[in-house]
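So the chains spell out like this:
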Amino acid sequence: MKGVLEGEESVTLDLLKEKMADFAKERDWERFHSPRNLLLALVGEVGELSEIFQWKGEVARGLPDWKEEEKVHLGEELSDVLLYLVRLSDICGVDLGKAALRKVQLNALKYPAKTNNKCLSNGSDQSS
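These lines cover the structure that appears in this document, whether it is placed above or below. (Residues numbered from 1 in each chain as written. Predicted model: local features only at pLDDT ≥ 70, side-chain atom pairs only at ≥ 80, totals over all residues. Heavy atoms only, no water.)

1. Describing the packing of aromatic side chains
The geometry of an aromatic ring pair is captured by two quantities: the separation of the ring centres and the angle between the planes.
Thought 1: Overall, the coordinates contain 2 aromatic pairs when judged by the stated rule.
Thought 2: Ring centres of Phe23 and Trp29 lie 5.6 Å apart, and the angle between their planes is 70 degrees; this geometry places the pair in the edge-to-face category.
Thought 3: By relative accessible area, which is 27% here, Phe23 ends up partly exposed.
Thought 4: Relative to Trp66, the ring of Phe53 has its centre 5.3 Å away and its plane inclined at 50 degrees; by these criteria the two rings are tilted. (Phe/Tyr/Trp six-rings, centres within 6.5 Å; stacked < 30°, edge-to-face > 60°. Buried < 20%, exposed > 50% of the residue type's maximum accessible area, 1.4 Å probe, protein only.)

As structure tokens, this is what we get:
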């Protein structure tokens, strides 16, 4: 498996998909990568990500009060979530990039920009 050094190559969802497929194949793990198993692994990783924030209360953007090792740990857990999501989408035959762009477009229709400030001021949920 060819390495990716920072600045050497652009990171795309397709590149991550290829790297994850190669990683699984090289270890003969493809047989374990069913949608169910990958989803459960993803949920476990989201739990590990949640633990990082569990007792911190609200944190400022950019995490200015965090130690460098905490930020590195956060990056590792975020990466685990992303990699399982990419692998799950690949196994399910979903083009994650296209699906995400479609979802942004649907959200733009559902939450037009002109009403955005009104919704935020009254506490309406903006996530989908």
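2. Looking at the packing of helix H2 (residues 35–53) against helix H3 (residues 68–92)
Angle between the axes and distance between the axes are the two parameters that describe a pair of packed helices.
Thought 1: Running from N to C, H2 and H3 cross one another at 160 degrees; their axes reach a closest spacing of 9 Å. Looking at the two axes, H2 sits roughly antiparallel to H3. Crossing angle aside, the handedness with which H2 passes H3 is left-handed. Only His73, Leu74, Glu77, Leu78, Asp80, Val81, Tyr84, Leu85, Arg87, Leu88, Ile91 and Cys92 of H3 make contact with H2, whose side of the interface consists of Pro35, Leu38, Leu39, Ala41, Leu42, Glu45, Val46, Glu48, Leu49, Ile52 and Phe53.
Thought 2: Residues of the contact of H2 with H3, tallied by class, amount to 17 nonpolar, 1 polar and 5 charged. (Axes fitted to C-alpha atoms, helices over the stretch in contact; angles between N-to-C directions. Helix = DSSP H or I, 4+ residues; strand = E, 2+ residues; numbered from the N terminus. Parallel < 35°, antiparallel > 145°, perpendicular 65-115°, else oblique. Left-handed = near helix turned anticlockwise from the far one by under 90°. Contact = heavy atoms within 4.5 Å. Nonpolar A, V, L, I, M, F, W, Y, C, P; charged D, E, K, R; others polar.)

3. Quick notes on unusual backbone geometry
Thought 1: The backbone of Asp28 sits at a positive phi, close to 60 degrees, despite the residue not being glycine.
Thought 2: Mapped onto the elements, Asp28 comes out in the loop between helix H1 (13–26) and H2.
Thought 3: Using a relative accessible area of 44% as the deciding quantity, one classes Asp28 as partly exposed.
Thought 4: The phi torsion at Leu63 lies on the positive side, around 50 degrees, for a residue other than glycine.
Thought 5: Mapped onto the elements of the fold, Leu63 is located in the loop between H2 and H3.
Thought 6: By relative accessible area, which is 13% here, Leu63 ends up buried.

4. Here we look at the side chain of His33
Thought 1: Its location among the elements puts His33 in the loop between H1 and H2.
Thought 2: One polar contact links His33 to Arg87, side chain to side chain, over a distance of 2.8 Å.
Thought 3: For His33, the contacting residues outside a window of four places in its chain are Ala24, Leu38, Arg87 and Ile91. (Polar contact = N/O pair within 3.5 Å; in protein donor to acceptor, adjacent residues only side chain to side chain.)

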